[in-house]
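Examining the three-dimensional arrangement
Chain residues, written in single-letter form:
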Amino acid sequence: MKRAPYTLPEADKICAEYQYLVGEPFTTGSDLKIECVTTTPFDEMSKERFLILYFLLNSTEGAKTNEYNGLLYDVLIIGRSAKDVHELQQEDIYSWLVKNKKLTEAEVS
C-alpha cells in the first residue's frame, strides 16, 4: 500500500477493503474502538472541516456533503471512546496499519 494522497477511486477501494476494522480497538490499552474507516479530502484544511462536521453530525455522509473540489483524497480511521462520546481520535490508514503491524514488509512502500 502506498501513502496518501490517493485518487477518489483508490481511496474508495482502500476504504472498502478495510471496513472489517470497524469495532476493533483503536489503540492497545485504551477504550477507543474504531468507529469508521472513511475517505476524506487530502489537504489539511478540508480534512479538518470534514472532522469537525463528522464530530458535530456524527455522520460520515453528513460530513462529506461539505464542498470539496480537490482531486486528492486520504483514508482515515476514526476511533471513539466508550466512556466519553466526545473523545475522538483519528489517523490516516497507512500510519495506523504500520503502527498496528497490520501491513507485511512487502506491503509497506
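Look above for the structure.
Since we're looking at a predicted model, the values are computed, not measured.

This paragraph deals with the pattern of salt bridges. For the coordinates displayed, the defined rule picks out five salt bridges. Put simply, Lys-2 and Glu-10 hold a salt bridge, and the shortest N to O gap is 3.6 Å. Among the residues examined, Lys-2 registers a relative accessible area of 40% and is labelled partly exposed. Across the pair Asp-74 and Lys-47 runs a salt bridge whose closest N-O atoms are separated by 2.8 Å. Of this pair, Asp-74 sits in strand β2 (residues 73–81) while Lys-47 sits in helix α2 (residues 44–57), and the two are 27 residues apart along the sequence. Each of the two residues, Asp-74 as well as Lys-47, counts as buried. Here the residues in one salt-bridge network are Glu-44, Lys-47 and Asp-74, joined through shared partners.

Another point: a nonpolar patch on the surface. A cluster of nonpolar residues, Ile-52, Phe-55, Leu-56 and Leu-57, forms a patch on the protein surface that exposes about 400 Å² of accessible area. Following the sequence through the fold, Ile-52 ends up in helix α2.

This part covers the environment of Leu-88. Assignment of secondary structure puts Leu-88 in strand β3 (residues 88–92). Residue classification places Leu-88 among the partly exposed residues on the basis of a relative accessible area of 25%. Sequence-distant contacts of Leu-88, defined by excluding residues within four places in its chain, comprise Glu-35, Tyr-54, Phe-55, Ile-78, Gly-79 and Arg-80.

Before going further, it helps to spend a moment on the pairing of β2. Counting buried residues in β2 gives nine out of nine residues, a clear majority hidden from the surface. Residue alternation in β2 divides its side chains into two sets, Tyr-73, Val-75, Ile-77, Gly-79 and Ser-81 and Asp-74, Leu-76, Ile-78 and Arg-80, and both sets are buried. Pairing between strand β1 (residues 32–41) and β2: nine bridges, direction antiparallel. For Thr-38, the partnering residue across the bridge sits in β2 and is Leu-76. The pairing of β2 with β3 spans five bridges and is antiparallel. Its bridge partner lying in β3, Ile-77 is registered against Glu-91. Between β2 and β3, which pair antiparallel in sequence order, lie six residues.

About the criteria used
- Residues numbered from 1 in each chain as written.
- Predicted model: local features only at pLDDT ≥ 70, side-chain atom pairs only at ≥ 80, totals over all residues.
- Heavy atoms only, no water.
- Salt bridge = Lys/Arg side-chain N within 4 Å of Asp/Glu carboxyl O.
- Buried < 20%, exposed > 50% of the residue type's maximum accessible area, 1.4 Å probe, protein only.
- Helix = DSSP H or I, 4+ residues; strand = E, 2+ residues; numbered from the N terminus.
- Patch = residues over 30% accessible without salt bridge, like charges linked within 9 Å, V, L, I, M, F, W, Y side chains within 5 Å.
- Areas by Shrake-Rupley, 256 points an atom, 1.4 Å probe, with all protein chains shown as cover.
- Contact = heavy atoms within 4.5 Å.
- Pairing = 2+ DSSP bridges.

Treat this as a map of the structure, not an account of what it does.
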